[in-house]
Amino acid sequence: MTQPVIRVNLPQDPYEIAIASDGLDRLGSWMKSLDLGKKAMLVSNPTVFDRYGKRAIAALEAAGFEASHYLFPDGEEYKTFDSVRGFYDAALNEKLERSSTVVALGGGVVGDMTGFAAATWLRGIHFVQVPTSLLAMVDASIGGKTGVNHPQGKNLIGAFYQPRLVLIDPNVLKTLPDREFRAGMAEVIKYGVIWDAELFGQLESAAKLDRLDQLSPELLQEILVRSCQAKADVVSRDEKEAGLRAILNYGHTIGHAVESLTGYTELLHGEAVGIGMVAASRLAVAMDLWDRRCDDRQLALIEKTGLPTRIPQGVDFDAIVAKLQTDKKVKDGRVRFVLPTEIGRATISDRITEDLVRSALETMC
Ligand code: NAD
Ligand code: GLY
């Protein structure tokens, strides 16, 4: 199979996303070709490091890098400033210089925290993403949104800071828990709905989508290439979310509200996005923006992936409506929804009333 390379065409900081089976073993040589200094610090958590850390370090050393590592505990609750502080201590200890490189090896939590730490250490040192969860491969590792959580809210502290390279080794997905795989698939379905009708069709044609081992290697490659290309296309046109990039938030408005109201413990981020996409699709039908058949097709895909499609029991509609007002995307007091218009296209609307939201949610109990 080919080893695709996708370019993120940013005027200031262009970079490549390389998708390569066993690419982990070529991490060092890839980085060397980009002239990324002599020292490299790998950042990861024990879950991922125990499985892939040795190979990554060996690849760095084989290419001549002086390699060290910093680990912080696994879990969203450790995407905090304390973990960044721990990184600063390790960076000081290892005498990382401006020309040194930080490598994030892990899911979106590791990538987001590491990117922020790299953006701020010595006012910015080189940063490489080696995403190991499906969600991080197709979304979090691309586009330069980095950050950590504040006790009052997710991702409140952060910076736009682009990596110098994203290296995706699909083989590491074999150890990803099935539930995490499905959560990543929610973002893949998102790209199919808002950007890439052909991807949507390929997902519809697949017999099963709820486990990695049910996907052919060819379909997995298509999923990775097309999703990364979609994200690269959008980010290249609107790096700092002045307009177009907001469509990547499809499913995230109601999704975030439900995620937050269930205490960030009941649902994975991707599961909440799946629920949010069902809600946004119902709103689009109510606004006559897209037809019921498209709503059914999207629902069938989400169900085939084994993602939840209903509002979890105990989550109150009033609480969802109230929570929407605290969404980061609220502008001049109006909630902005990303709504699909046809398979592969979406628009942004701030004309959604509370009544429309309630009616959409009523269809999802
Ligand atoms: P995660 O980083 O918590 O990873 C999920 C779990 O899978 C963790 O326990 C992790 O250790 C484990 N894991 C990862 N790779 C593995 C592998 N190959 N084998 C075995 N276990 C593995 O969660 P996530 O879904 O990857 O990322 C979610 C985070 O990403 C959230 O904090 C979210 O805010 C952020 N995010 C950021 C962006 C962005 O643009 N920066 C976009 C989407 C999400
Ligand atoms: N995950 C949304 C974005 O990167 O803009």
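Structural data are supplied above this passage.
Quick caveat, the model's predicted, so the values are computed rather than measured. Sequence positions are assigned chain by chain, starting from 1 and proceeding in written order. Labels are handed out in written order, letters beginning with A for the chains and numbers beginning with 1 for the ligands. For this predicted model, a pLDDT threshold of at least 70 governs which residues receive local features, and a threshold of 80 or more governs which side-chain atom pairs are given and counted, while totals over whole chains, interfaces and linings are taken from all residues. Side-chain figures throughout are based on the complete set of non-hydrogen atoms in the structure, without hydrogens or water.

Considering the overall build of the protein
To qualify as a helix, a DSSP run of H or I must reach at least 4 residues; to qualify as a strand, a run of E must reach at least 2; elements of each kind are numbered from the N terminus. The helix and strand tally for the protein stands at 13 helices and 11 strands. By its C-alpha atoms, the protein is 60 × 45 × 35 Å across when sized along the principal axes. Using a 1.4 Å probe on the protein chains alone, a residue whose accessible area is under 20% of its type maximum counts as buried, one over 50% counts as exposed, and one in between counts as partly exposed. Taking all 365 residues of the protein together, 56% fall into the buried category. Contact definition: two residues touch when any of their heavy atoms are within 4.5 Å. Considering only intrachain contacts with a sequence separation of at least 6, the fraction spanning at least 24 residues in the protein is 75%. Areas reported as accessible are Shrake-Rupley estimates using a 1.4 Å probe. Residue values count occlusion only from the protein chains shown. Carbon and sulfur atoms form 47% of the exposed surface of the protein, whose accessible area is close to 15700 Å².

Regarding the packing of helix H3 (residues 81-93) against helix H4 (residues 108-120)
It is at 10 Å that the axes of H3 and H4 come closest, and there the two elements cross at 50°. Judged by the inter-axis angle, H3 sits oblique to H4. The two elements H3 and H4 meet at a crossing, and its hand is right-handed. Residues Phe-81, Ser-83, Val-84, Phe-87 and Tyr-88 of H3 form the contact with H4, whose participating residues are Met-113, Phe-116, Ala-117 and Thr-120. Split by residue class, the contact of H3 with H4 holds seven nonpolar, two polar and no charged. To define axes, lines are fitted to C-alpha atoms, for helices over the stretch in contact only, and angles between the resulting N-to-C directions are given on a 0 to 180 degree scale. For classification purposes, an angle smaller than 35 degrees is called roughly parallel, one larger than 145 roughly antiparallel, one from 65 to 115 roughly perpendicular, and anything else oblique. The hand of a helix crossing depends on one turn: near helix anticlockwise from the far one by less than a right angle means left-handed, and clockwise means right-handed. Residues are grouped as follows: nonpolar covers Ala, Val, Leu, Ile, Met, Phe, Trp, Tyr, Cys and Pro; charged covers Asp, Glu, Lys and Arg; every other residue, Gly included, is treated as polar.

A closer look at the pairing of strand E2 (residues 15-19)
Among the five residues that make up E2, four are buried, leaving the element largely enclosed by the rest of the structure. When DSSP finds two or more bridges between two strands, those strands count as paired. As paired elements, strand E1 (residues 5-8) and E2 share four bridges and run antiparallel to each other. Note that in E2 the partner of Arg-7 across the bridge is Glu-16. Counting the residues between successive antiparallel strands, the hairpin from E1 to E2 contains six residues. Pairing geometry for E2 and strand E9 (residues 165-168), over four bridges, is parallel. Counted as the bridge partner of Glu-16 is Leu-165 from E9.

Digging into helix H7 (residues 197-205)
For H7, the full list of buried residues reads Leu-199, Phe-200 and Leu-203. When H7 is viewed along its axis, its buried side chains cluster within an angular range of 105° and face the same direction. Definition of a polar contact: a pair of N or O atoms within 3.5 Å, with one able to donate and the other able to accept a hydrogen when the atoms are protein atoms, and with sequence-neighbouring residues admitted only if both atoms are side-chain atoms. Of the residues flanking the start of H7, the one acting as N-cap is Asp-196, its side-chain oxygen 3.0 Å from the backbone nitrogen of Glu-198. What the arc covers is the set of directions going from the helix axis to the C-beta atoms.

What about the site of ligand 2?
Throughout, the term near means that a residue has one or more heavy atoms lying within 4 Å of the molecule or strand in question. In the region of ligand 2, the neighbouring residues are Asp-139, Lys-145, Lys-231, Glu-241, Arg-245 and Leu-248. In this structure, Lys-145 approaches ligand 2 through a side-chain N or O atom, which is 2.9 Å from an oxygen atom. Contact distances for ligand 2 include 2.8 Å between an oxygen atom and a side-chain N or O atom of Arg-245.

Notes on the packing of aromatic side chains
Paired rings are identified among Phe, Tyr and Trp, the last through its six-membered ring, by centres lying within 6.5 Å, and are further divided according to the angle between planes into stacked (under 30 degrees), edge-to-face (over 60) and tilted (the rest). Following the criterion strictly, the structure yields six aromatic pairs and no others. Ring centres of Phe-87 and Tyr-88 lie 6.2 Å apart, and the angle between their planes is 70°; this geometry places the pair in the edge-to-face category. Taken as a pair, Phe-87 and Tyr-88 share a single burial class, namely buried. An aromatic cluster is built from Tyr-70, Phe-72, Phe-87, Tyr-88 and Trp-121, whose rings are joined through pairwise contacts.

Notes on the sheet that holds strand E5 (residues 101-106)
Reading across the sheet, the seven strands line up as E1-E2-E9-E6-E5-E3-E4 and stay open at both edges, with mixed pairing between neighbours. In this open sheet, the two strands that pair with only one neighbour each are E1 and strand E4 (66-71). With strand direction ignored, the average angle separating the axes of adjacent strands in the sheet is 20°. Together, strand E3 (39-44), E4, E5 and strand E6 (126-131) form the strand contacts of H4, whose direction differs from that of E5 by roughly 165°.

Topic: the site of ligand 1
Not every one of the 25 residues close to ligand 1 is listed here, only the nearest: Glu-76, Thr-132, Ser-133, Lys-145 and Thr-175. At 3.1 Å, a side-chain N or O of Asn-45 approaches an oxygen atom of ligand 1. The side chain of Thr-132 places a nitrogen or oxygen atom 2.7 Å from a nitrogen atom of ligand 1. Contact with the protein chains hides 89% of the accessible area of ligand 1, taken as 860 Å² for the molecule alone. Elements with a contribution of two residues or more to the shell around ligand 1: helix H2 (46-62), H4, helix H5 (134-140) and strand E8 (153-160). Class assignment of the residues belonging to the shell around ligand 1 gives a composition of eight nonpolar, eight polar and nine charged.

Points about the pattern of salt bridges
Throughout this description, the term salt bridge denotes a Lys or Arg side-chain nitrogen within 4 Å of a carboxyl oxygen of Asp or Glu. This structure, assessed with the given rule, holds 23 salt bridges. For Asp-139, the salt bridge goes to Lys-231, with nearest N and O atoms at 2.6 Å. Of the two residues, Asp-139 is situated in helix H5 and Lys-231 in helix H8 (residues 217-237); the sequence distance between them amounts to 92 residues. The salt bridge partner of Arg-293 is Asp-291, with a shortest N-O separation of 3.7 Å. According to the relative accessible area criterion, Arg-293 is exposed, its value standing at 62%.

A few points about the side chain of Arg-182
For Arg-182, the location among the structural elements is in helix H6 (residues 178-194). Only four residue types enter the tally: Lys and Arg on the positive side, Asp and Glu on the negative side; His and the chain ends are excluded. Buried charge without a salt bridge: Arg-182, with Asp-178 as the nearest opposite-charge side chain at an N-O distance of 5.0 Å.

Some remarks on unusual backbone geometry
One non-glycine residue, Lys-95, lies in positive phi territory at about 55°. Among the structural elements, Lys-95 can be located in the loop between H3 and E5. Note on Lys-95: relative accessible area 59%, which makes it exposed.

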